[in-house]
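As a plain string of letters, each chain reads:
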Amino acid sequence: MAELMKNIKKSKVLTLKDEISYADGQVVSKTLIQNDAVSETLFAFEKGEEISTHESGGDAFVICLDGVGLITVDGVDYELTEGQSIVMPAKHPHAVKGKERFKMLLVVVF
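What comes next concerns the included structure. (Residues numbered from 1 in each chain as written. Predicted model: local features only at pLDDT ≥ 70, side-chain atom pairs only at ≥ 80, totals over all residues. Heavy atoms only, no water.)

1. Structural notes on the packing of aromatic side chains
Working definition: an aromatic ring pair is given by the centre-to-centre distance plus the angle between the planes.
Link 1 in the chain: Applying the stated criterion across every chain, the model contains two aromatic pairs.
Link 2 in the chain: Judged by centre distance (5.7 Å) and plane angle (35°), the rings of F45 and F102 are tilted. Remark: F102 occurs in strand 7 (residues 94-109) and F45 occurs in strand 2 (residues 38-45); sequence separation between them is 57 residues. Here F45 matches F102 in class, with each residue buried.
Link 3 in the chain: Taken together, F43, F45 and F102 form an aromatic cluster joined through their ring pairs. (Phe/Tyr/Trp six-rings, centres within 6.5 Å; stacked < 30°, edge-to-face > 60°. Helix = DSSP H or I, 4+ residues; strand = E, 2+ residues; numbered from the N terminus. Buried < 20%, exposed > 50% of the residue type's maximum accessible area, 1.4 Å probe, protein only.)

Here's what the structure looks like:
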């Protein structure tokens, strides 16, 4: 049987924002879970870096772990700061940008 979670220590208290690092001029991602039902990925955006407009087959739950992010859903901008979250509905155009440096946990439920 394949391991359900990867790239993360088990049976240990973690601070998720410390599990991924910023990189100059990049969007860094670290997959934690990827299967037919759910995907969990940590992201670190440098200021101004982005994932351009796209759609997902599942509802995408974004949790801001650090910094300030700009989430665009159906052409409407939402600013997220640490501790805030938003759901980007399935099959709706959305984009994510680091308004400042920005770390997030993305949970997509299919």
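So much for the structure itself; the text now carries on.
2. A few points about the pairing of strand 5 (residues 76-81)
Link 1 in the chain: By the bridge criterion, six bridges tie strand 4 (residues 59-73) to strand 5 in an arrangement that is antiparallel. Across the sheet, G69 pairs through a bridge with L80, a residue of strand 5.
Link 2 in the chain: Between the end of strand 4 and the start of strand 5, which pair antiparallel, lie two residues, with D74 showing a positive phi angle near 55°. (Pairing = 2+ DSSP bridges.)

3. Overview of the side chain of K103
Link 1 in the chain: Tracing the backbone shows K103 in strand 7.
Link 2 in the chain: Although K103 lies buried, it forms no salt bridge, and the closest oppositely charged side chain, D66, sits 5.0 Å away as judged by the N-O distance.
Link 3 in the chain: Within the structure, the side chain of K103 is placed 2.8 Å from the backbone oxygen of I20, a separation counted as a polar contact.
Link 4 in the chain: When neighbours within four sequence positions are excluded, K103 is seen to be in contact with K17, I20, S21, Y22, F43, A44, I63, C64, L65 and D66. (Lys, Arg positive; Asp, Glu negative; His and termini not counted. Salt bridge = Lys/Arg side-chain N within 4 Å of Asp/Glu carboxyl O. Polar contact = N/O pair within 3.5 Å; in protein donor to acceptor, adjacent residues only side chain to side chain. Contact = heavy atoms within 4.5 Å.)

4. Topic: the pairing of strand 2
Link 1 in the chain: Among the eight residues in strand 2, seven count as buried, and that is most of the element.
Link 2 in the chain: As paired strands, strand 1 (residues 27-34) and strand 2 are joined by seven bridges and run antiparallel to one another. Its bridge partner being in strand 2, K30 is matched across the sheet by L42.
Link 3 in the chain: Once strand 1 ends, the chain turns through three residues before running back antiparallel as strand 2.

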